[in-house]
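As a plain string of letters, each chain reads:
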Amino acid sequence: MKVELQHLTKIFPNRNKKIHSDVVAVSDFTYTIPDGQLVGLLGPSGCGKSTSLYMICGLQKPTSGKIFFGDDDVTELPPENRGVGLVFQNYALYPHMTVKQNILFPLQNLKGSDKLTKEDMLKRTYDVAKLVQIDDLMDRKPSELSGGQQQRVAIARALVKMPRVLLLDEPLSNLDARLRLQTREEIRRIQRETKITTVFVTHDQEEAMSISDTIVVMKKGVVQQIGAPQDVYDNPANLFVAKFLGTPPINVFNGKVEGGKLYIGDDAVLNTNIENDCEVMVGIRPEGFVLDPNGPMQCKLNGIEVMGRDVSVVSVNDACVAPTIRSIIDADNKPSAGDETVRFSLKMHKVFVFDKATEERIHYEVK
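Since we're looking at a predicted model, the values are computed, not measured. (Residues numbered from 1 in each chain as written. Predicted model: local features only at pLDDT ≥ 70, side-chain atom pairs only at ≥ 80, totals over all residues. Heavy atoms only, no water.)

A. Spatial organisation of the overall build of the protein. On a plain count of helices and strands, the protein comes out with 8 helices and 21 strands. The C-alpha extent of the protein, read off along each of the three principal axes, is 75 × 50 × 40 Å. Counting across all 367 residues of the protein, residues that qualify as buried make up 48%. Within the protein, residue pairs in contact and separated by at least 24 positions form 66% of the contacts whose partners lie at least 6 positions apart. Entry remark: accessible area of the protein is about 18,200 Å², with carbon and sulfur atoms responsible for 47%. Put simply, the protein has 45 plus and 48 minus side-chain charges, and the middle of one group is 6 Å from the middle of the other. (Helix = DSSP H or I, 4+ residues; strand = E, 2+ residues; numbered from the N terminus. Buried < 20%, exposed > 50% of the residue type's maximum accessible area, 1.4 Å probe, protein only. Contact = heavy atoms within 4.5 Å. Areas by Shrake-Rupley, 256 points an atom, 1.4 Å probe, with all protein chains shown as cover. Lys, Arg positive; Asp, Glu negative; His and termini not counted. Charge placed at Lys NZ, Arg CZ, Asp CG, Glu CD.)

Okay, here's the thing in structure tokens:
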């Protein structure tokens, strides 16, 4: 099911009586989610991603804009008539019911032409339980399940209605690291098998990038960039997107362009085709550094962290916005721990230049 958002905006009244302006939670969000795709809404707390999800499912009404499921305008349609499955962050399972009863419950509430026979309801319940691999837990209560198992029950309960759209609101945030990894792989597998159009809300960029076909990066209610995860990582539209994606995070420096040369501190690190002299912010991905005794960028060595295949070289440069720089280097070429300084050359496609005032990306070529 294709989901089309047209100029979606949500404004809340400000509860702070000293501030008379309203709060714009989502501003002019326009995007078409292709049929059968998994789209991640990504951003920090308060960016409007959950509000967008709740408008899609009907729990919140847009201040302006339209929502279409296929060719159907569902903007004014109540949640129960939209054909959506919603999975909450806290699972929201009925504690007094067994797993089977929790999954079965939405089917028991179907009315009219949608009502199913008891046999059909049980068959669908067991089919979806098998899909999420909890068919051997049907007689347990939620309190007898692990966090990952409870999350699977919540997903099964959302899927059993055969929704047109599946909506997941931070479904992994209550799980530990190992379970989070396993469950996100399961969500991706289930989505691929069912081919249900899915919207996945998260603040965790690693989660969004690992399972999404497309990510939508948001900040303060405004969409910053939309694209395939790797494309957004490789070509951030602005400094916010560059900083938000990546682990370890991108290294950011105060820089300048003079006479076609890009400077970080006093080091001219690249010759560029940027014509106008200006102050800039320079972002360099950790994997963008190449250890080079003749490299143009010099830093003070702070330490070396062994990661196995790679090492993380921790260094200091006065132009860096953060206290330290992290560079991911091949373990076979690591510097000596006794060195006082290290020199780097840079991979051009891992170096991004941003306007210092607007923080928008400045595209360049190396001369």
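B. Main features of the packing of helix α4 (residues 147–159) against helix α5 (residues 177–194). It is at 10 Å that the axes of α4 and α5 come closest, and there the two elements cross at 20°. As the angle between them shows, α4 and α5 are arranged roughly parallel. Where α4 crosses over α5, the two elements pack in a sense that is right-handed. Residues G148, Q151, R152, I155 and L159 of α4 lie in contact with α5, whose contacting residues are L179, T183, E186, I187 and I190. Partitioning the contact of α4 with α5 into residue classes produces 5 nonpolar, 3 polar and 2 charged. (Axes fitted to C-alpha atoms, helices over the stretch in contact; angles between N-to-C directions. Parallel < 35°, antiparallel > 145°, perpendicular 65-115°, else oblique. Left-handed = near helix turned anticlockwise from the far one by under 90°. Nonpolar A, V, L, I, M, F, W, Y, C, P; charged D, E, K, R; others polar.)

C. Region of interest: the sheet that holds strand β2 (residues 23–33). Pairing within the open sheet is antiparallel, and its 4 strands lie in the order β2-β1-β4-β5. The sheet terminates laterally at β2 and β5 (72–73), the two strands that pair on one side only. Bridge analysis of strand β1 (residues 3–12) against β2 gives 7 bridges, and the strand direction is antiparallel. From the neighbouring strand, L8 faces β2, where its bridge partner is F29. (Pairing = 2+ DSSP bridges.)

D. Just the nonpolar core, in detail. Ranked by size, the top nonpolar core spans 34 residues in total, and within it I103, I134, L159 and I187 carry the most contacts. Broken down by secondary-structure element, the contributors of at least two residues to this core are α2 (99–108), α3 (118–131), α4, β7 (165–169) and α5. Counting residues per element, this core draws most heavily on α4, which supplies 6 residues. Apart from the residues within four sequence positions on either side, I187 is in contact with L38, I155, L168, P171, L172, F200 and I211. (Core = buried A, V, L, I, M, F, W, Y, C linked by side-chain atoms within 4.5 Å.)

E. Seen up close, the packing of aromatic side chains. This model, assessed by the stated rule, comprises 3 aromatic pairs. Taking the ring centre of Y263 as reference, the NZ or CZ of K256 above it sits at 5.5 Å. Over the ring of Y233 we find R285, and its NZ or CZ is 3.9 Å from the ring centre. (Phe/Tyr/Trp six-rings, centres within 6.5 Å; stacked < 30°, edge-to-face > 60°. Lys NZ or Arg CZ within 6 Å of the ring centre and 35° of its normal.)

F. Up close: the pairing of strand β8 (residues 197–202). Among the 6 residues in β8, 6 count as buried, and that is most of the element. Burial of β8 is two-sided: the residues T197, V199 and V201 facing one way and the residues T198, F200 and T202 facing the other way are all buried. Where strand β3 (residues 38–42) and β8 come together, 5 bridges link them in parallel fashion. Paired with L41 across the two strands is V201, which belongs to β8. Examined bridge by bridge, β7 and β8 share 5 bridges and lie parallel to one another. Paired with L168 across the two strands is F200, which belongs to β8. Between the parallel pair β7 and β8, the chain is carried across by α5, and the sense of this crossover is right-handed. (Right-handed = clockwise from strand over helix to strand, strands pointing away.)

G. The arrangement of the environment of P236 in detail. Considering the arrangement of structural elements, one finds P236 in the loop between α7 (229–234) and α8 (239–244). Through-space distance from the C-alpha of P236 to that of F352 is 8.3 Å; in sequence the pair is 116 residues apart. Among residues more than four places away in sequence, those in contact with P236 are Q225, V241, A242, R285, F352, F354 and R361.

H. A look at helix α1 (residues 49–57). Counted residue by residue, α1 has 8 buried out of 9 residues, so it is predominantly covered. Taken residue by residue, α1 has K49, T51, S52, L53, Y54, M55, I56 and C57 as its buried positions.

I. View of the pattern of salt bridges. Counted according to the given criterion, the structure contains 16 salt bridges. Note that R152 is salt-bridged to E186, the shortest N-O span being 3.8 Å. With R152 in helix α4 and E186 in helix α5, the pair connects residues that are 34 residues apart, well separated along the chain. Overall, the relative accessible area of 17% leaves R152 in the buried class. A salt bridge links E258 to K256, with the nearest nitrogen and oxygen atoms 3.5 Å apart. Connected through shared salt-bridge partners, R152, E186, R189 and E193 make up one network. (Salt bridge = Lys/Arg side-chain N within 4 Å of Asp/Glu carboxyl O.)

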